[in-house]
Every structure is written in C-alpha cells, then in structure tokens.
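Results of the structural survey
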Protein chains: 2
Amino acid sequence: MTTERRTPTVTYYTATTLDGFLADQNDSLDWLLRQDQDKRGPQNYDDFIEKIGAIVMGSTTYAWILAHLERTGEPWFYSQPSWVMSTRDLPRFPGADIRFAAGSVADVYADLRAAAGESGIWVIGGGDLAGQFADAGLLDEVIVSIAPVTLGAGRPLLPRRLDLRLVETAASGAFVTARFDVVGPLQEDRAPTGD
Amino acid sequence: MTTERRTPTVTYYTATTLDGFLADQNDSLDWLLRQDQDKRGPQNYDDFIEKIGAIVMGSTTYAWILAHLERTGEPWFYSQPSWVMSTRDLPRFPGADIRFAAGSVADVYADLRAAAGESGIWVIGGGDLAGQFADAGLLDEVIVSIAPVTLGAGRPLLPRRLDLRLVETAASGAFVTARFDVVGPLQEDRAPTGD
C-alpha cells in the first residue's frame, strides 16, 4: 500500500465524537446537529463537496438520509452520482441519482472512478464501508470533524487497525478538524516487506 | 454541574487513538510509543506534570505501569503522591508514594485535594475512572493527544455520554492535541433545570 495519491482521491469525510462514534446506538445525531459550525472554516463542507465527483455510502447511512429527508421534506442533498452499497432492497429517493451495488468495493470503485473523472470520491460512511475501502488499499485520506462530545457506545468511526499520517488540523467552530493520509495497516500488523 | 473551575483542577490527560481507544485489547501501546512526539509542543507532558500535585489511576493502569517498569528497569515515574483505586491487592512499587483506595471517587477526592493544594489533580486513567470523576461532577477538563492510528477495539477513552467544550487545539508532532472543558452529561440526557 502506498500513500501516493491516485486520481481520483478517495476520501472518508465525516463527523465523529471525540471517542470515535459516528452516531449513538439509536442512530441519533442530535449531539452533532446542535454544535456550532463554522461554515467557512477549515475543511468545510462547501469547499469539500465542490471537488467531489462521485459518492458512495452504506445502506444504513442511506436509510438514515431517507428517514431524515422524509421527516424534513428536504430534497436529496447531492448532485453527484451516488452509489449505495447494499444487498437490501431499498427505495430510490425521488430525483436522486442513485445506483445500488452489491459487489465488493473494488468492483464499485471502477464505476466510481469513471463517474468522478478528475474529481474526488467521497466515502460518506459508515465506518465499516470506509474500512472496506482501506482493506482494498483504496482509501487515500480521512477528514474528520471531531465534536466535543463522548457517547461511550454507538457506530464506530473506522473499525480497523490502521496507520494514518496527520496532514493538517485546526479548530472550526465547536469542532477539531483534522485531515490524515491513510498509510496502511497498523505497523505491527503489516506483512514484512521483502527488501 | 458547572464548568467553573474548582481548585484544584481535575484533569484527565491522556493519549488516545483517533477512534477513541487508550490501548488495544492486549493492552499494547506499541502504536503510541513509536509516534513522533514534540516534547516542547502544545500540551506537552513536562509543562503539564509541573502543575500537578496529586495523581489518581485505576488498577489496570497501575498494573500496566508496574509491568512496564519491571520490563525496562526504570524507576517510578511520579514524584507526586499517587492514589491507586483498587479493590485488588496489588504490590507497592519500591520508592513510589502510592496510596491504595477502594472507596468512591468522591471519598478519594478529599484526599487528593488535600495533597494537591493549589496544584492540579491528574486522572491518568483508565477511561472508566475518568468517567467516575465525571459522574461525580468532579472532572474539570480533558486533554487528549490524538495519535494518527485507529484500532477498532480496545480500552475506551471515556465511556460516558458527556458534553465537552473545545478550549484549544494544535498539531504536536504526529499528534493532534486538544483541551476541552467538561460541561456535563450530554444535553438530551440532562435532567430539566427548574428555571
């Protein structure tokens, strides 16, 4: 595995609690949505999404978005083509460019890459999907907004043993933002190199 | 619960992985000890320990330190009086000022406070002990050095539902450092106030 960027770059961009949870055990994001955001701050969403050409998410994330949109009446969030990794039969949100895929992330990556062109690929989550991209050597970077909250339990940020490399960090509103390159499997877990 | 600082300030100062683990399931800290440190950087240990007058740790943390010192032949780390919260019978490390305590953290806090005077109290860990101080309304701040590592499983940073408030953050060597005030139980978990 290498830290050289391939094109397009594959980024896991997400918010997390300080103790590494994406959501609590009831999938509530209340703890997140009430935090002060700096919408023009470091690693802000508008700057990020502008560079994204294709999106991929797991079925739980998609189901959460569907429930959220049904509750609020908002339209679909993303103009980019969005892949939903699922073996489940899920409804297609009206007006959304969604493709369902049940294969491996390596299979889906070919389609994501073709759609993204020179733009980036965003792995929305959940954590295990980001982990599957890392397992396949296809995850380039992790950008997190760390909320000033602990939950103690919930959906894990990235349930893998990985080495990252800090690239930049800053305060942004109530959050710590940090961008990491993905180095690869945790050092002691790696197979010895042959040199 | 309030965020006004009492004297002495009670601080949970620790390293963690990005996904909120203090150690892996085998209590290994290899992932931590090989990271680049900036020993003069923000929230560095030397500046921190200078302001500490009393220390408290759980029995697993103490057992880890004992094993580490036996393996390396190093002397005891701390000049400050150090409480070990334990119902287990544990050996006393030679030359260390250690007091064993089996009561509640509120009981031990009186002794810590008397020993610390105007200096601070350091809760070394583990996470549940820090959580017990938070439960008792006795944890003022959390200072973390976030290593560029995910472990996916291990000993949890702070297994509670808590609101914190970011005070400062910076890069320091391979780490993100961040200091938070403890606000209290997570907002939706709090009892309604009477006003």
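The structure we're discussing is the one just above.
One structure accompanies this document, and this report is about it.

Definitions and cut-offs
- Residues numbered from 1 in each chain as written.
- Chains lettered and ligands numbered in written order.
- Predicted model: local features only at pLDDT ≥ 70, side-chain atom pairs only at ≥ 80, totals over all residues.
- Heavy atoms only, no water.
- Phe/Tyr/Trp six-rings, centres within 6.5 Å; stacked < 30°, edge-to-face > 60°.
- Helix = DSSP H or I, 4+ residues; strand = E, 2+ residues; numbered from the N terminus.
- Buried < 20%, exposed > 50% of the residue type's maximum accessible area, 1.4 Å probe, protein only.
- Contact = heavy atoms within 4.5 Å.
- Least-squares fit on C-alpha atoms with pLDDT ≥ 70 in both.
- Buried area = accessible area lost by both parts, 1.4 Å probe.
- Salt bridge = Lys/Arg side-chain N within 4 Å of Asp/Glu carboxyl O.
- Polar contact = N/O pair within 3.5 Å; in protein donor to acceptor, adjacent residues only side chain to side chain.
- Nonpolar A, V, L, I, M, F, W, Y, C, P; charged D, E, K, R; others polar.

**Quick look at the packing of aromatic side chains**
In total, this model carries 22 aromatic pairs over all chains according to the counting rule given. Where B:Tyr13 meets B:Phe48, the ring centres are 3.9 Å apart and the plane angle is 5°; that geometry is what we call stacked. With B:Tyr13 in strand β1 (residues 10-17) and B:Phe48 in helix α2 (residues 45-50), this residue pair connects regions lying 35 residues apart in the sequence. Comparing B:Tyr13 with B:Phe48, the two get one shared label, buried. The interplanar angle of 65° and the centroid separation of 6.0 Å between the aromatic rings of B:Tyr62 and B:Trp76 together place this pair among those described as edge-to-face. With a gap of 14 residues between them, B:Tyr62 in helix α3 (residues 59-72) and B:Trp76 in the loop between α3 and β4 (82-85) connect regions that are remote in the sequence. Take B:Tyr62 and B:Trp76: they sit in the same class, and that class is buried. The structure contains a cluster of three or more aromatic residues connected by ring pairs, namely A:Tyr13, A:Tyr45, A:Phe48, A:Tyr62, A:Trp76, A:Phe77, A:Tyr78, A:Phe93, A:Phe100 and A:Trp122.

**Brief notes about the environment of B:Leu151**
Along the polypeptide, B:Leu151 turns up in the loop between β8 (149-150) and β9 (155-156). With 62 residues separating them along the chain, B:Leu151 and B:Asp89 place their C-alpha atoms 31 Å apart. Not counting chain neighbours up to four residues away, the residues in contact with B:Leu151 comprise A:Arg160, A:Arg161, A:Leu186, B:Thr17, B:Asp19, B:Phe21, B:Ala23, B:Asp24 and B:Trp31.

**Overview of the relation of the copies chain B and chain A**
What relates the pair of chain copies is a rotation about an axis plus a shift along that axis. Expressed as a screw transformation, the operator carrying chain B onto chain A has a rotation angle of 180° and an axial translation of 0.0 Å, and the superposed copies differ by an RMSD of 0.0 Å. When the rotation and shift are considered jointly, the pair of chain copies conforms to a two-fold rotation axis. Considering only C-alpha atoms, the residue of chain B closest to the rotation axis is B:Gly20, which sits at 2.5 Å.

**Comments concerning the interface of chain B and chain A**
Facing the 38 residues of chain B at the interface are 37 residues of chain A. Of the roughly 2,800 Å² buried where chain B meets chain A, counting both sides, 60% is carbon and sulfur surface. On the chain B side of the contact with chain A, B:Leu18, B:Arg34 and B:Thr150 bury the most area, a combined 22% of that side's loss. Inspection of the chain B/chain A interface yields 6 salt bridges. Among the salt bridges present, the one from A:Glu188 reaches B:Arg34, with a minimum N-O distance of 3.9 Å. Where chain B packs against chain A, one counts 14 residue pairs in polar contact (both at pLDDT 80 or more). Looking at the side of chain B that touches chain A, the elements with two or more residues in it are α1 (30-33), β7 (141-147), β8, β10 (162-172) and β11 (175-185) of chain B. In terms of residue count, β10(B) provides more of the side of chain B that touches chain A than any other element does, 8 residues in total. Across the side of chain B that touches chain A, the residue classes tally to 22 nonpolar, 7 polar and 9 charged.

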